[in-house]
Amino acid sequence: SMNFSPSDLGDSAPARTYAVGDIHGCTHALDTLLEFLPLRPQDTLIFLGDYVDRGPDSMQVLVSLIELRDSRPNTVFLRGNHDLWMVKARDELEWFRSWLSRGVGGRQTLESYGGAAHIPAEHFAFLEIDCRDFYETDTEIFVHGALEHDLDLEFQVEEWLLWARVTDMQPHFSGKRVICGHTSQKNGLPLDLEFAVCVDTWCHGDGWLSALCTQTGEVFQSNKNRQTRKISLDS
């Protein structure tokens, strides 16, 4: 009995889905993860939001994601609460003040651009227009925050989609597994509740940037020091 790994089969292997947790301005971790992932053109790559704030280089993260948007068809971008915060901070003073307040991380984002005047319109457009609030497949629902368990996707509200924590959630009535970010796991390991998996593994802190392969349970990780490791949800 010969054991083949999917990579041995090349393009004939079934398409995979990889869900990437909160990046938070960690451009080194993002670059490293994209090199580390065994991505093929037919695979779907889903980013779960929170591209900006806290980490050192939100500008470069958005540059990289916009390049991916333009070069890689099977790529999905979800909107995180920090991505929304940055957009709202542009137009609303209350949001701008809170974005710059302690712990939110807007200051680091502004510094990465060299000031608000230097943020390209294209970056706001990416966060507003190219990012969506959820993504659904036959077996999973992908979202930044969490879902109200008894509501269809079309009736979900922003407070849940972008701001709620996976730990406040019950299994969704659809029976689909929910894949999310937002609730940082300081131990660097995804939180597997079976009905939901949170892959925000605290990249901007001392943790990792994680990409979960939903078909295999493999988790590919990188950190801001450009280290990589591969773990499994089962382990």
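Before any of the text, the structure's been laid out above.
Below you will find a few notes about this structure.

### Let's talk about the overall build of the protein chain
1) Next: A count of helices and strands for the protein chain gives 7 helices and 11 strands.
2) Next: Expressed as lengths along the three principal axes of its C-alpha atoms, the size of the protein chain is roughly 65 × 40 × 35 Å.
3) Next: In the protein chain, which comprises 235 residues, the share counted as buried stands at 51%.
4) Next: Considering only residue pairs separated by 6 or more positions, the protein chain has 63% of its internal contacts joining residues 24 or more positions apart.
5) Next: A total accessible area of about 11000 Å² is found for the protein chain, and carbon and sulfur atoms account for 49% of it.
6) Next: The positive charge centre, built from 20 side chains, and the negative charge centre, built from 36, are 5 Å apart in the protein chain.

### Notes on the sheet that holds strand β2 (residues 44-47)
1) Next: Read across the sheet, 6 strands follow the order β3-β2-β1-β9-β10-β11 without closing on themselves; strand pairing throughout is mixed. Unpaired on one side and paired on the other, β3 (75-77) and β11 (228-232) mark the two borders of the sheet. Sheet twist, expressed as the average angle between the axes of neighbouring strands with direction ignored, equals 20°.

### What to know about the pattern of salt bridges
1) Next: According to the stated counting rule, one finds 12 salt bridges in the structure shown.
2) Next: As a salt-bridge pair, Arg97 and Glu94 come within 3.9 Å of each other at their nearest N and O atoms. Placement of both Arg97 and Glu94 in helix α4 (residues 93-99) is noted, with a separation of 3 residues, approximately one turn of the helix. Exposure class is identical for Arg97 and Glu94. Each is exposed.
3) Next: In this structure, Arg177 and Glu140 form a salt bridge, with 2.9 Å as the shortest nitrogen-oxygen distance. Of the two residues, Arg177 sits in strand β6 (residues 177-180) while Glu140 sits in strand β5 (residues 140-143), which places them 37 residues apart along the sequence. Each member of the pair, Arg177 as well as Glu140, carries the same accessibility label: buried.

### Here's the deal with the pairing of β5
1) Next: Alternating residues of β5 divide into Glu140 and Phe142 and Ile141 and Val143, and every residue in both groups is buried.
2) Next: In terms of strand pairing, strand β4 (residues 134-136) meets β5 through 3 bridges, oriented antiparallel. When the bridges of β5 are listed, Glu136 appears paired with Ile141.
3) Next: Linking β4 to β5, which pair antiparallel, is a turn of 3 residues.
4) Next: Direction of pairing for β5 relative to β6: parallel, over a ladder of 4 bridges. For Ile141, the partnering residue across the bridge sits in β6 and is Val178.
5) Next: Viewed along the sheet, the connection from β5 through helix α7 (residues 158-163) into β6 turns out right-handed.

The rules behind these values
- Residues numbered from 1 in each chain as written.
- Predicted model: local features only at pLDDT ≥ 70, side-chain atom pairs only at ≥ 80, totals over all residues.
- Heavy atoms only, no water.
- Helix = DSSP H or I, 4+ residues; strand = E, 2+ residues; numbered from the N terminus.
- Buried < 20%, exposed > 50% of the residue type's maximum accessible area, 1.4 Å probe, protein only.
- Contact = heavy atoms within 4.5 Å.
- Areas by Shrake-Rupley, 256 points an atom, 1.4 Å probe, with all protein chains shown as cover.
- Lys, Arg positive; Asp, Glu negative; His and termini not counted.
- Charge placed at Lys NZ, Arg CZ, Asp CG, Glu CD.
- Pairing = 2+ DSSP bridges.
- Axes fitted to C-alpha atoms, helices over the stretch in contact; angles between N-to-C directions.
- Salt bridge = Lys/Arg side-chain N within 4 Å of Asp/Glu carboxyl O.
- Right-handed = clockwise from strand over helix to strand, strands pointing away.

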